[in-house]
Structure formats: C-alpha cells, structure tokens
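The residues making up each chain are set out below.
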Amino acid sequence: MPKQTETLEQTLWKAADKLRKNMDAAEYKHIALGLIFLKYISDAFEEKRQQLTFDFADPSSEWYIKDERERYEVTQTTAEDPDEYRADNVFFVPEAARWAYLQARAKQPEIGRFIDDAMTAIEKENPTLKGVLPKVYARPNLDKQSLGGLIDLIGTIALGDAQARSKDVLGRVYEYFLGQFALAEGRKGGQFYTPESIVRLLVAMLEPYEGRVFDPCCGSGGMFVQSEKFIASHQVRLDAISIYGQESNQTTWRLCKMNLAIRGIDASNIAWNNEGSFLHDAHPDLKADFVLANPPFNDSDWSGDLLRDDARWQYGRPPEGNANFAWVQHFLYHLAPDGRAGFVLSNGSLSSNTGGEGEIRQRLVEADLVDCIVMLPAKLFYNTGIPACLWFLSRHRSGNKARDRRGEILFIDASELGTMLDRRLRAFEEGDIAQIAGTYHSWLAGDGDYKDIKGYCKSATREEVQKHAYVLTPGRYVGIPDEDDDGIPFEDKIAAITTELRDQMQEAAQLDVEIKAQLSKAGIAL
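First, a word on scope: everything that follows refers to the structure included in this document. (Residues numbered from 1 in each chain as written. Predicted model: local features only at pLDDT ≥ 70, side-chain atom pairs only at ≥ 80, totals over all residues. Heavy atoms only, no water.)

1. Some thoughts on helix α10 (residues 196-206)
Helical geometry: 3.6 residues make up each α-helical turn, so side chains three or four residues apart lie on a common side. Rule in force here: Each residue's exposure class comes from its accessible area (1.4 Å probe, protein chains only) as a fraction of the maximum for that residue type: buried when under 20%, exposed when over 50%, partly exposed otherwise. Secondary structure elements follow DSSP: runs of H or I of four or more residues count as helices, runs of E of two or more count as strands, with numbering from the N terminus.
Of all eleven residues in α10, ten are buried; the element is thus mostly enclosed. Taken together, the buried positions of α10 are occupied by S197, I198, V199, R200, L201, L202, V203, A204, M205 and L206. At the C-terminal side of α10, E207 shows a positive phi close to 50°.

Rendered as structure tokens:
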C-alpha cells in the first residue's frame, strides 16, 4: 500500500510537537499559535510594504518618482505610515516585531523577551488587538533553544502573502493546530474547540447567508469561521453577515480574536468578561438571525441560584444544578422574530424531567419552537464521552419555504453515520453532512422528495410527541430499521450458531485445564 503523503499542517504539527518537550499542551498552544499569528501578520505587512515601494520605483505607476533621493525619502515615509496599511485592512508591524528581525535573533538567549516586546508593540499600533496577543515567551521555564527552533520551523512557510491567503494556508494550519491541541488537552480542550465536522453540519443546516450570527459561548470562534466559509463557498458577499460572540475564558477569547483576525473577520463584537453570558450578558439588546453554539454540557456551576426570576426564563425556571435549558432559553431570548438556532446539547436534554426540565421541554414543543432534533454518534468530541444531539429551533416556522411545518418536528438518527479517524475519535465526512442537511432541507421545502425512513428519519406531529410525554429522543420516533433478508433459513442460522457456541465452549474447557496445570506447576492449587 503506498505511503500517504503528509499535509503541510500535519508536518508542521509533528515538528512543533517535538519542540514542546515536557511542556503542557494547554501552555504550549498559546506559544505556537501566537507565533503562527505573528508570522501571518508579518508576511501580510511585508507584501504590502513591497507593493508601496514598487509603486514609487515603477515608471508605469502613477506614483512613480524619478529622483532617487526623493523616491527613497517618500518610500521610507510612506512604507512606515500605519494608515497606509490600515486602509487595506493590513496590520501595521513595527520593525522590531517583524519576522525577519525576530528570526535573525532566534538563537539568542533573549529571544523570549524580543517576542514579548514584539507582541506589545503590535498591540500598541493596532488597537483591535489590544490585550489579545500572548506575552509568555520570556518565562524562565520556556526552553529558549526549542523556542528558536519553533521560530525557524514556522519561518519556512509563507502564511500571509496573497498566494498563501488565497489557499487559506494559515487558516488550515491554525485550525489543525487548534484541533490537535484540543485532542492533546482532552476534557479541557473541548472548552475552546468544537470539532470541525460538527460545526460544518450546524452551518450546513442553518445556512446563514446573511444577517447577525451569535454565539454566546464562542470558544475559539469556529462557528464564525465556518459561517464565513459557507458564505464564501456560495459566492455571497462576506460582509453579508455580522458576528457577535461572548466568551468567559480570557485565554480562549484571545484565541478567538486571533482566529478571526487571520481571516480578516471583524471581531469587534466578540466580548469577554469572566462572569459569563448568564450573569453578564455582553449583548443584552441583540436579536440575532442565527444562533450557533456548543455550550458546556450539563453545567452545574452556572450561578442559577442568582438568576431565579430572570426575564429570559419565559418557558420555565431552569434547575440550579443543570444549565442546559438556561442555555436554550438564552438562545431564544436573543433570536429575532424570524431567527433560527442550532446548537449542541447532551442527550439528557431530550428526556430529563429533573428540576422541571420536562415541563420546559413541553412548553417549547407547545410553543412550536422545536424544528428538528439530530441524534449524534458517539466519539465525536475530544473532551467528553457524554452522548450528544443537535437541537434546531425556529421563531417563524412557516418561513419562506414551500410547506408550512408548524405542528411537526423532524427527528433524525445519525448515530450510525461518521467515520472513525482513530480508536478514539469519529468525524462526519462530506457525504454524511450532505445527507443529514439534505434531509432537513428537503423536509422544510415539502417538495415531495422527503420521505420518512425507518431507523433514520421521521416527521412527527405534536400529538405523537405528546403521546411520548414530550421526550424528544429520535429513536422513539424513527424506530429500528428493517433488517435485509439474507435468504438463509432461520433453522440453518440457529444450527450454525449452536455449532459455533459448542466449539467455543469446548475450547474454553481445554483452556481451563491448561490454566490449572500451569498454576499447579507454580504451587497454586485451584
């Protein structure tokens, strides 16, 4: 079998991970991702700088200056003018923060201090990055030789020039590193990263072509990145959507701001405060067209005791020991009159009656807000083995589609879909995403293509849901798929199974005798 060629991001990750040595992944991710970001903005700056210089030296340019001395003076002045870069949405990078300057000093013991100073200088020149960039490189416990090696490694690839940006090289590298760090961190990693295939499925189902997109627990910003990619792939203007987010973990918020900045996505409405969305809603007046989110599963430490009579609990007070339905109602509170939401929750949200959750779920169904429920397969997440599902809510369910689906809920059981990437992790492939999203859109359109499929999907009426006591587990509705008849008579199957069982029992008896004999030789009698 031919050896599979490694991708650029895989090669970089392997090399960078070796340089990590004994450092914890949670610490190292800020070091590696900060340098990748620095390389990107430095590349973009240098390309713009060369363009400015060329314009004055090219006789065919309208900016051409014939006199060499005058050209030099004008070039120096213009090339160091921050406004020239901001006009093209390029970050201005001071000389001591440029990649060439730092790489030339990569082997010096003071390299950590040089990088921290570079980050500070960049923030000073670019207010949108204030408080965002990591300044952790001068710490005594960081091996400066490994740091220099990481600088040399990242310096081998172009990340911010036009060609690299057109291929989204940095985006792929950054996203791959985020995923690998989440995998390395395990449970804690899931706090900042939702696996890409899940985000792509949410975006494919909601189709956020235009409007306001909101994620009140936005992590490293994956929902926004995929929304922008979706728009770009459908040749819609990238400024057709505006994004709003909130994150309670400051280091994760920094990752998000960098993740969006490298893609030129406006992150001015991404807020951070350590109180979080429940206690300190950063966008209290926002009514979003789309909510996409992956809130913490079954969070018991959400300060519910301080919010008993909150205006957001329109469908019932959430239990103090579980934030699932606090998140659901927070999403609904921020939805515009025609808004739709898609988010991840634990499977317990579909059936739990603890602390009044069953009554809240019933009111959501009776208010005709629940559009679709998707059961997810196991092993999709880095951080938890808790079974999960996708909820889709809609404020205006007749919408602009051909069929009015009010009074119905689509249930999809996708628990058998996806491909194992390794022993621990599964992901949806493009075909899986197309199948699930296609089922949903066909059902919404009511164009005759949608059909209930036993074991996979079912359009259930509100009366059917009521008969199931408002439990929303898809398996109750879609049923079990019919097994294909393989043509082997039942009696023959039983005979074959019986013969196999008899052989296995005989083998087990022989093994018991052998084990006793070996133990007897060791002086152990059974």
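2. Some details on the side chain of D281
Selection rule: We score Asp and Glu as negative and Lys and Arg as positive, and we do not count His or the chain ends. In what follows, salt bridge is the name for a side-chain nitrogen of Lys or Arg lying within 4 Å of a carboxyl oxygen of Asp or Glu. In protein, a polar contact means a hydrogen-donor-capable atom and an acceptor-capable atom, both N or O and within 3.5 Å, with residues adjacent in sequence counting only if both atoms are side-chain atoms; elsewhere, any N or O pair within 3.5 Å suffices. Residues count as neighbours in contact if any of their non-hydrogen atoms are within 4.5 Å of one another.
Looking at the secondary structure, you find D281 in the loop between α13 (276-279) and β4 (288-293). The side chain of D281 is buried and forms no salt bridge, while R312, the nearest opposite charge, is found at 4.4 Å. Within polar-contact distance, the side chain of D281 engages the backbone nitrogen of H283 at 3.1 Å. A polar contact of 2.6 Å, which involves the side chain of D281, links it to the side chain of H334. In this view, D281 contacts Q246, G276, R312, H330 and H334; residues no more than four positions away in its chain are not counted.

3. Description of the nonpolar core
Where we set the bar: Here, nonpolar core means buried Ala, Val, Leu, Ile, Met, Phe, Trp, Tyr and Cys residues that are tied together by side-chain atoms lying within 4.5 Å of each other.
Within the largest apolar cluster, 103 residues are counted, with the highest numbers of intra-cluster contacts made by L35, F177, V374 and I436. No other element matches helix α2 (residues 25-57), which puts 14 residues into this core. The residues touching F177, leaving out its near neighbours within four places in the chain, are E9, L12, W13, A16, A32, L33 and I36. Judged by nonpolar contacts, the second largest core, of 42 residues, contains W302, I373, M375 and V465.

4. Quick look at the packing of aromatic side chains
Rules: Stacked, tilted and edge-to-face are the three classes applied to pairs of Phe, Tyr and Trp rings, where Trp contributes its six-membered ring and a pair requires centres within 6.5 Å; stacked means planes under 30 degrees apart, edge-to-face means over 60, and tilted covers the rest. We count a charge as sitting over a ring when the NZ of a lysine or the CZ of an arginine lies within 6 Å of the ring centre and within 35 degrees of the ring normal.
Summed over all chains, the structure comprises 17 aromatic pairs. Between F45 and Y85, the aromatic rings sit 4.5 Å apart at their centres with planes inclined by 25°, giving stacked as the arrangement. Residue F45 is found in helix α2, and its partner Y85 is found in helix α4 (residues 82-86); the two are separated by 40 residues along the sequence. Take F45: its relative accessible area is 0%, and that puts it in the buried class. Overall, Y85 belongs to the buried group, its relative accessible area being 0%. Ring centres of F325 and W391 lie 5.9 Å apart, and the angle between their planes is 85°; on these two criteria the pair is classed as edge-to-face. Linking F325 in helix α14 (residues 324-333) with W391 in strand β7 (residues 388-394), this pair joins segments that are 66 residues apart in sequence. Its relative accessible area of 0% is what places F325 among the buried residues. Looking at W391, the relative accessible area reads 0%, which means it is buried. Seen from the ring of Y101, R105 lies directly overhead, with NZ or CZ sitting 3.6 Å from the centre. K287 extends its terminal NZ or CZ atom over the ring of Y333, reaching a point 4.3 Å from the ring centre.

5. A short note on the pattern of salt bridges
Counted according to the given criterion, the structure contains 17 salt bridges. Put simply, K107 and D152 hold a salt bridge, and the shortest N to O gap is 2.3 Å. Pair noted here: K107 is in the loop between α5 (99-103) and α6 (111-125) and D152 is in helix α7 (residues 144-154), with a separation of 45 residues, a long-range link. Judged by its relative accessible area of 66%, K107 is exposed.

6. Let's talk about the packing of α10 against helix α16 (residues 430-445)
How two helices sit against one another is set out by the angle between their axes and by the gap between those axes. Formally: Lines fitted to C-alpha atoms define the axes, with helix axes restricted to the stretch in contact, and inter-axis angles between N-to-C directions lie between 0 and 180 degrees. Roughly parallel refers to an angle under 35 degrees, roughly antiparallel to one over 145, roughly perpendicular to one between 65 and 115, and oblique to any angle outside these ranges. By definition, turning the near helix anticlockwise from the far helix through less than a right angle yields a left-handed crossing, and turning it clockwise yields a right-handed one. Gly is placed with the polar residues, together with every amino acid not listed as nonpolar (Ala, Val, Leu, Ile, Met, Phe, Trp, Tyr, Cys and Pro) or charged (Asp, Glu, Lys and Arg).
For the pair α10 and α16, the least separation of the axes is 9 Å and the interaxial angle reads 30°. On the basis of the axis angle, α10 is roughly parallel to α16. Where α10 crosses over α16, the two elements pack in a sense that is right-handed. The residues of α16 that touch α10, namely those facing S197, R200, L201, A204 and M205, are E430, I433, I436, A437, Y440 and H441. Partitioned by chemical class, the residues of the contact of α10 with α16 number seven nonpolar, two polar and two charged.

7. Focus: the sheet that holds strand β1 (residues 211-215)
Sheets are built from strands paired through backbone hydrogen bonds, the pairs being either parallel or antiparallel. Applied cut-off: Note on pairing: DSSP must find at least two bridges between two strands before they are called paired.
Ordered in space as β3-β2-β1-β4-β5-β7-β6-β8-β11, the nine strands form an open sheet in which the pairing is mixed. Two strands bound the open sheet, and with one partner strand each, they are β3 (270-272) and β11 (457-461). With direction set aside, neighbouring strand axes in the sheet form an average angle of 15°. Packing against the sheet, α14 makes contact with β1, β4, β5 (335-346) and β7, and its axis sits at approximately 160° to β5.

8. As for the pairing of β5
Note the threshold: A clockwise course of the path from the first strand over the helix to the second, judged with the strands pointing away from the viewer, identifies a crossover as right-handed.
A large share of β5 lies buried, amounting to ten of its twelve residues. In the sheet, β4 pairs with β5 via five bridges, with the strands oriented parallel. Bridging across to β5, L292 finds its partner in G342. On the question of chirality, the crossover connecting β4 to the parallel β5 by way of α14 is right-handed.

9. A look at the pairing of β1
On a regular strand, one side chain projects to one face of the sheet and the next to the other, so that they alternate. Within β1, four of the five residues are buried, which leaves the element mostly enclosed by the surrounding structure. As judged from the five bridges shared by β1 and strand β2 (residues 241-247), these two strands associate in the parallel manner. Within the sheet, the bridge partner assigned to F214 lies in β2 and is Y244. By the bridge criterion, two bridges tie β1 to β4 in an arrangement that is parallel. If you follow V213 over to β4, its bridge partner there is F290.

Purely geometric numbers; function is a separate question.
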